[in-house]
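# Breakdown of the fold
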Amino acid sequence: MADRLSAGTLARICDGVAHPGYTPSAHGIGIVHLGLGAFHRAHQAVYTDTALAAAGGDWRILGVSMRSTETAQDLAEQDGLYTVLERGAEGIRPRIIGSLAAARALRTDRAQILRQLSAPDTRIISLTVTEKAYGQDPQTGGLDLTHPEIAQDLKTPDTPQSVPGLLVQCLRHKQESGAGSVTLLSCDNLPENGQVLRRVVQDFAAQVAPDLSGWIEDHVRFPATMVDRITPQTTQADRDEAARLTGLADATPVQCEPFSQWVLEDDFPHGRPAWEHAGAIFAPDVTPYEHMKLRMLNGSHSLLAYAGHVAGLETISACLGSPLLKACLTRHLVAVAAGLAPLPGMDYAAYGRALISRFENPSIAHSTYQIAMDGSQKMPQRIFAPAEDARISRAPRDTYAFATAAWLRYLMGRTEDGAEYALRDPRETEIAEGLRGAREAKDVIAGLRSVPGLLPEPLFADRDWLAAVETALADILRDGALRTAERLAQA
Ligand code: CS2
């Protein structure tokens, strides 16, 4: 059995394994990060590790698990150290990351977390909490006051469970103690994620502390970001590989692709790590990058995940192994790129080709079922927004209709082989009710249109769109997702 990775054992790491090029404990905490999942640890924490090695600073991270306690516990036992396994064509490159100073779970360490969140040293609070954690009402864009967690937090604002609730509690403390301003940095896959965060925080504050609104306007920044790195869930194989390659056992390594991208608005009045040393791009307007990434990468992911999952394809690389789906994906990327505003220096066709080879990476097993999760929160920005743009500009929409039909087919909860699965969507109860008894495409669509805000107007009020989705869904139900994809690719 290998020794456990920790500050005390780090010196015993196998020769040649990359590890912090600085003394981690010499750097104080400047960031609290909410959402200690694999993505944060494969992305922002790696950028921060590189920045600390290159330029120093008190910018280590306190990582907070909003729900589970396991990851925080595992990381605490490893003094915050963990292994990133970069899986590329030339094999696996392990690297030990030192930017995480501590890891805590909201369920067990609330007081310590609140203290660090409210401390003057905490100049950045960053987030990767998934789309649904913002509690945004899809119809108004504001905070959904009926969201169960939000409704609960409004009654008990001193022990918040939700992200807006916790942030508002922290901002109140900062206001009362004169702890100064802070940057709230959303790193979730939402368009204009900074604005979304500002809105839900302000809406929550308006309910519990109306005098806080002005203070937030003056003291809190909400830069937008675009984040990208394919990071499948950690498996036992990753743990085994980490121990084999580094000589030290890691209970919670992360696996990811070599590619990584981060585009941010540079709005950090109290400084930030020198992330540019790790390749971060600071742009005055992140929106075109967000559109490109959400629509080309994430939209393609969702199309493949729904079509692939119902057809029995378990990973994105397996989907690309199907010439039918690959042709359909290639066509989708061309259509999406045609609808994007030009971005100086960016060649969308080349970006699309690179995406295909990233998706084909044979050493990354990225599960279609994982990506299929939370579709009600993902489809609007990934598929419906470009479809709506295409409606307005009268561009072809069949590829978006197919992706939508594949999602609706997924919502029926049974693969083409008849295997049942859980939808894993925050709106799954309403979806199941809407679908009760529906078998035919027409009834499925009508049933889901009765679920408020799930299928957005005016897109679904458009007869041509409705007919295209209905035809695609009827085809999928009759001939399967792959045959339907093939027909689309040949159109
Ligand atoms: C994926 C993303 O799970 C999903 O919905 O589309 O997590 C995707 O892998 C990342 O955004 C890549 O940067």
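For the structure given in this document, a descriptive report is provided here. Every chain begins its residue count from 1, and numbering advances along the sequence as written. The predicted origin of the model limits local features to residues at a pLDDT of at least 70 and limits the giving and counting of side-chain atom pairs to 80 or more, whereas totals for whole chains, interfaces and linings rest on all residues. Calculated side-chain values reflect all of the structure's heavy atoms, with hydrogen atoms and water omitted.

### Let's talk about the packing of aromatic side chains
Going by this rule: We call Phe, Tyr and Trp rings a pair once their centres come within 6.5 Å, taking the six-membered ring for Trp, and we label the pair stacked below 30 degrees between planes, edge-to-face above 60, and tilted otherwise. Put simply, DSSP marks the helices as runs of H or I at least four residues long and the strands as runs of E at least two long, and each gets a number from the N terminus on. Summary of the burial criterion: residues with accessible area below 20% of their type's maximum are buried, those above 50% are exposed, and those between are partly exposed, where the area comes from a 1.4 Å probe applied to protein chains only. Here, a charge over a ring is recorded when the distance from Lys NZ or Arg CZ to the ring centre is within 6 Å and its angle to the ring normal is within 35 degrees.
On inspection of all chains with the given rule, the structure shows 9 aromatic pairs. Between Tyr 47 and Trp 262 the ring centres are 5.1 Å apart and the planes differ by 70°, which places this aromatic pair in the edge-to-face class. Highlighted residues: Tyr 47 in helix 2 (residues 44-55) and Trp 262 in strand 13 (residues 261-264), separated in sequence by 215 residues. A residue is classified by how much of its surface remains accessible, and Tyr 47, at 4% relative accessible area, is buried. The class of Trp 262 is buried, set by a relative accessible area of 1%. An aromatic cluster is built from Tyr 47, Trp 262, Phe 268 and Trp 275, whose rings are joined through pairwise contacts. The ring of Trp 59 carries Arg 123 above its face, with NZ or CZ at 4.0 Å from the centroid. Cation over ring: Arg 424 sits above Tyr 369, and NZ or CZ is 3.9 Å from the ring centre.

### What about the packing of helix 10 (residues 287-311) against helix 16 (residues 398-411)?
What counts here: Every axis corresponds to a line fitted to the C-alpha atoms, with the helix fit spanning only the stretch in contact, and the corresponding angles, defined between N-to-C directions, vary from 0 to 180 degrees. Working rule for angles: under 35 degrees goes down as roughly parallel, over 145 as roughly antiparallel, 65 to 115 as roughly perpendicular, anything else as oblique. A clockwise turn of the near helix away from the far one marks a right-handed crossing, whereas an anticlockwise turn of less than a right angle marks a left-handed crossing. Between two residues, a contact is recorded if the distance between any of their heavy atoms is within 4.5 Å. Residues are sorted three ways: Asp, Glu, Lys and Arg are charged, Ala, Val, Leu, Ile, Met, Phe, Trp, Tyr, Cys and Pro are nonpolar, and all the rest, Gly among them, are polar.
Following both chains from N to C, one finds helix 10 and helix 16 inclined at 45°, their axes separated by 8 Å at the closest point. Here helix 16 runs oblique to helix 10, going by the angle between their axes. Considering only the axes of helix 10 and helix 16, their crossing is left-handed. Contact residues: helix 10 offers Leu 303, Tyr 306, Ala 307, His 309 and Val 310, while helix 16 offers Thr 399, Phe 402, Ala 403, Ala 406, Trp 407, Arg 409 and Tyr 410. Its residues placed into classes, the contact of helix 10 with helix 16 shows 9 nonpolar, 2 polar and 1 charged.

Interpretation note: all reported values are geometric properties and have no functional meaning in isolation.
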